[in-house]
Amino acid sequence: MADKRDIRSMTPEELTEAVTALGEKAYRAGQIFQRLHRDCVTSFDDITTISKAFRGILSNNFEIFAASIAKKLVSEYDSTVKYLFRLHDGAYVESVVMRYKYGLTVCVSTQVGCNMGCRFCASTLDGKQRDLTASEILAQLYAAQRDLGESISHIVLMGMGEPLDNYDNVLRFLRLVTDERGQNKSMRNISLSTCGIVPKMYALADENLGLTLSVSLHAPNDEIRQRTMPVAKRWSIEALLKACRDYTQKTGRRISFEYAMVDGVNDSDACAYELADRLAGMLCHVNLIPVNEVAETRLRRSKRERIDRFRRILEQKHINVTVRRHLGADINASCGQLRRQTQKQDQETAATP
Ligand code: SAH
């Protein structure tokens, strides 16, 4: 039998077309969309607003991809929750829910693995397995909300994967998650983080969605950036920052730069001055992140005093800067590591006679 269609990735318009093609009235599509995205049902049987017969027709033609919780870790320090989700094909992705004063934020993954090859990152160690569909990105949010029994107001696309390397599905996700008939989340509360895929940044600027763009800069110049980020060989910092300026001009939104502090690599005074010069006059904010040490890499976190000094230099140069709080330290909350451990265990179990 032909593959069933992924119903939760479909826009209301696509759903209307499909529902009418199957002989139902167009307005039924709205009811189905609402049950799928507002109430987050995971079975056609739960779409009780439509007839049993049509539920049967739907389940013959479509599938609802859900994410099941394979592991859940809760930080004892700050109640950060980390989920390892298992998808319908057995692939794993990680998501993290953080509690801030203004509400809950979920960090979702956009790919299984990643092809970008950043040296400090655990998600990319085995390359990319596949892209996530829009419904699989949504499923992480829906499953977390259901599990916690709370609504999540903020979303960051900063989990595993490079969102702009999965552009169409990510755009679809953004449209679906902000649809007022579904979750009705606010674009203003969504951030997308990229390692700097320049042409897609221009494309995103043209969409003018009103979300926050975060850019993983991690270095003040090409020479240092190329040491840890292969993407820097494809596009220079100059080209990257030009795309950032274009983004701020087109959207009026400031860019948030992520700068993971790695001992002896990018944390010198000279780096801070060079970074300040590069960003002078730009509508932006710099987020210094003490790098999370990943077992497989030899990169070490900068010392606290070094980070403070780096921050002060940027402040003197009038660059907006903050140091990211390290949440979920006891549960290894940064993405990529839990999936690797679990995959390894699965392989060992499968290999045991
Ligand atoms: N691919 C996207 C989003 C995913 S990663 C991107 O590169 O922006 C989210 C952020 O975590 C990025 O800034 C990434 O560079 C950073 N990151 C990855 N591994 C890290 C580590 N070990 N310590 C600190 N930050 C890390």
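Above this text sits the structure in question.
Every chain is numbered independently, its residues counted from 1 as its sequence is written. Where local features are concerned, this predicted model is filtered to residues with pLDDT of at least 70; where side-chain atom pairs are given and counted, the filter is 80 or more; whole-chain, interface and lining totals use all residues. Heavy atoms from the whole structure form the basis of all side-chain values; hydrogens and water molecules are not counted.

Now, about the overall build of the protein: what can you tell me, with residues and values included?
A run of H or I in DSSP becomes a helix once it reaches four residues, and a run of E becomes a strand once it reaches two; helices and strands are each numbered from the N terminus. Looking only at helices and strands, the protein has twelve helices and 14 strands in total. For the radius of gyration, the atom set is restricted to C-alpha positions; the globular benchmark scales as 2.2 Å times the number of residues to the power 0.38. By the compact-globule yardstick of 20 Å for 353 residues, the protein fits well, its C-alpha radius of gyration being 21 Å. Each of the three principal axes of the protein carries a C-alpha extent, and together these read 70 × 55 × 40 Å. Burial classes follow relative accessibility: with a 1.4 Å probe on protein chains only, a residue under 20% of its type's maximum area counts as buried, one over 50% as exposed, and anything between as partly exposed. Looking at the protein as a whole, 54% of its 353 residues are labelled buried. Working rule for contacts: check all heavy atoms of both residues, and any pair within 4.5 Å makes them a contact. Intrachain contacts of the protein at a sequence separation of at least 6 include 67% that bridge at least 24 residues. Carbon and sulfur atoms make up 46% of the accessible area of the protein, which totals about 16,000 Å². Charge separation in the protein, taken as the distance between the mean sites of 50 positive and 44 negative side-chain charges, equals 2 Å. Note on areas: these come from Shrake-Rupley sampling with a 1.4 Å probe, and a residue is covered only by the protein chains present in the view. Think of it this way: Lys and Arg go in the positive column, Asp and Glu in the negative one, and His and the chain ends go nowhere. Lys charges are placed at NZ, Arg charges at CZ, Asp charges at CG and Glu charges at CD.

Go over the site of the ligand with me, naming the residues and quoting the values.
Taken together, the neighbourhood of the ligand is formed by 16 residues, with Phe120, Ser193, Ser216, His218 and Asn292 sitting nearest. Any pair of nitrogen or oxygen atoms within 3.5 Å is treated as a polar contact; in protein, a donor-acceptor pairing is required on top of that, and neighbouring residues in sequence qualify only through side-chain atoms on both sides. The contact in question runs from a nitrogen atom of the ligand to an N or O atom on the backbone of glycine 161, over 3.0 Å. Protein contact buries 89% of the 530 Å² of open area that the ligand shows by itself. Neighbouring residues are identified by heavy atoms, a residue being near a molecule or strand if any of them is within 4 Å of it.

How would you explain the state of the cysteines if you had to name every residue and give the values?
By disulfide we mean two sulfur atoms from cysteines, separated by a distance within 2.5 Å. Tallied over the full model, the rule gives zero disulfides. There is no disulfide at cysteine 121, and the cysteine sulfur nearest it, in cysteine 118, is 6.2 Å away. Classification of cysteine 121 as partly exposed rests on a relative accessible area of 24%. Of all cysteine sulfurs, the one in cysteine 118 lies closest to cysteine 195, which takes part in no disulfide; the gap is 5.4 Å.

Residue-level account of the packing of helix α1 (residues 12-21) against helix α2 (residues 27-37), with values.
Only C-alpha atoms enter the line fits that serve as axes; for helices the fit covers just the stretch in contact. Angles between N-to-C directions range over 0 to 180 degrees. Contact geometry of α1 with α2 gives a least axis separation of 8 Å together with a crossing angle of 125°. Of the possible angle classes, the one that applies to α1 and α2 is oblique. Two packed elements cross with a definite hand, and for α1 against α2 that hand is right-handed. Packed against α1, whose contacting residues are Pro12, Leu15, Thr16 and Val19, the element α2 presents Arg28, Ala29, Ile32 and Phe33 at the interface. Each residue receives one of three labels: charged for Asp, Glu, Lys and Arg, nonpolar for Ala, Val, Leu, Ile, Met, Phe, Trp, Tyr, Cys and Pro, and polar for the others, Gly being one of them. By residue class, the composition of the contact of α1 with α2 is six nonpolar, one polar and one charged. The labels follow the angle: roughly parallel below 35 degrees, roughly antiparallel above 145, roughly perpendicular from 65 to 115, and oblique for the rest. Crossings are sorted by hand: turned counterclockwise from the far helix by less than a right angle, the near helix makes the crossing left-handed, and turned clockwise it makes it right-handed.

If you had to explain the packing of helix α4 (residues 134-148) against helix α5 (residues 167-177) to someone new, which residues and values would you point to?
For the pair α4 and α5, interaxial distance at closest approach is 8 Å and the crossing angle is 50°. With respect to α5, the axis of α4 lies oblique. In the packing of α4 onto α5, the handedness of the crossing is right-handed. The segment α4 lies against α5, with Ala134, Ile137, Leu138 and Leu141 engaging Asn169, Val170, Arg172, Phe173, Leu176 and Val177.

I'd like a rundown of the side chain of threonine 105, residues and numbers included.
Looking at the element boundaries, threonine 105 is found in strand β6 (residues 103-107). Not counting residues within four places of it along the chain, the set of residues in contact with threonine 105 comprises Val96, Val97, Met98, Tyr100, Ile152, His154 and Val156.

Can you tell me about the packing of aromatic side chains, naming the residues and giving the values?
The way to describe two aromatic rings as a pair is by their centre distance and the angle between their planes. Aromatic pairs are defined between Phe, Tyr and Trp rings, using the six-membered ring for Trp, whenever the two ring centres lie within 6.5 Å; interplanar angles under 30 degrees are classed as stacked, those over 60 as edge-to-face, and all others as tilted. Per the stated rule, a full pass over the model turns up three aromatic pairs. Ring geometry for tyrosine 100 and tyrosine 102: centres 5.3 Å apart, planes at 15°, overall stacked. Judged by relative accessible area, which is 29%, tyrosine 100 ranks as partly exposed. Overall, the relative accessible area of 51% leaves tyrosine 102 in the exposed class. Considering the side-chain rings of tyrosine 259 and phenylalanine 310, the 5.1 Å spacing of their centres and the 35° angle between planes classify their relative orientation as tilted. Here tyrosine 259, found in strand β12 (residues 255-261), pairs with phenylalanine 310, found in helix α11 (residues 304-316); they are 51 residues apart in sequence, far enough to count as distant. The residues tyrosine 259 and phenylalanine 310 share a single accessibility class, namely buried. Either the NZ atom of lysine or the CZ atom of arginine qualifies as a charge over a ring when it sits within 6 Å of the ring centre and within 35 degrees of the ring normal. The positively charged end of arginine 181 is found above the aromatic ring belonging to phenylalanine 33, 6.0 Å away from the centroid. Above the ring of tyrosine 167, the side-chain terminus of lysine 200 is found at 5.2 Å from the ring centroid.

Any details on the sheet that holds strand β9 (residues 154-157)? Residues and values, ideally.
When DSSP locates at least two bridges between a pair of strands, those strands are taken to pair. Across the sheet, which stays open at both edges, the ten strands sit in the order β3-β4-β5-β6-β9-β10-β11-β12-β13-β14 with mixed pairing between neighbours. Both outer strands of the open sheet, β3 (68-74) and β14 (321-323), are each paired with one neighbouring strand and no more. Strand-to-strand twist of the sheet, defined as the mean angle between neighbouring strand axes without regard to direction, takes the value 20°. Taken together, the six bridges between strand β4 (residues 81-86) and strand β5 (residues 92-100) define a ladder with antiparallel strand orientation. For phenylalanine 85, the partnering residue across the bridge sits in β5 and is valine 93. α4 rests against β3, β4, β5, β6 and β9 of the sheet, and its axis sits at about 125° to β4.

How would you summarise the side chain of serine 109 if you had to cite specific residues and measurements?
Residue placement: serine 109 occurs in the loop between β6 and β7 (111-113). A polar atom in the side chain of serine 109 sits 3.0 Å from the backbone nitrogen of methionine 160. Ignoring sequence-local partners within four residues, the contact set of serine 109 consists of Val93, Glu94, Leu132, Ile137, Gln140, Gly159 and Met160.

Give me helix α3 (residues 52-61): which residues, what numbers.
Listed in full, the buried residues belonging to α3 are Phe54, Arg55 and Leu58. All buried residues of α3 lie within an arc of 105° about the axis, which places them on one face of the element. Every exposed residue of α3 that faces more than 90 degrees away from the buried side is listed here: Lys52, Ala53 and Asn60. For α3, the secondary structure elements touched by its buried residues are α1, α2 and β2 (62-63). The directions from the helix axis to the C-beta atoms are what the arc is built from.

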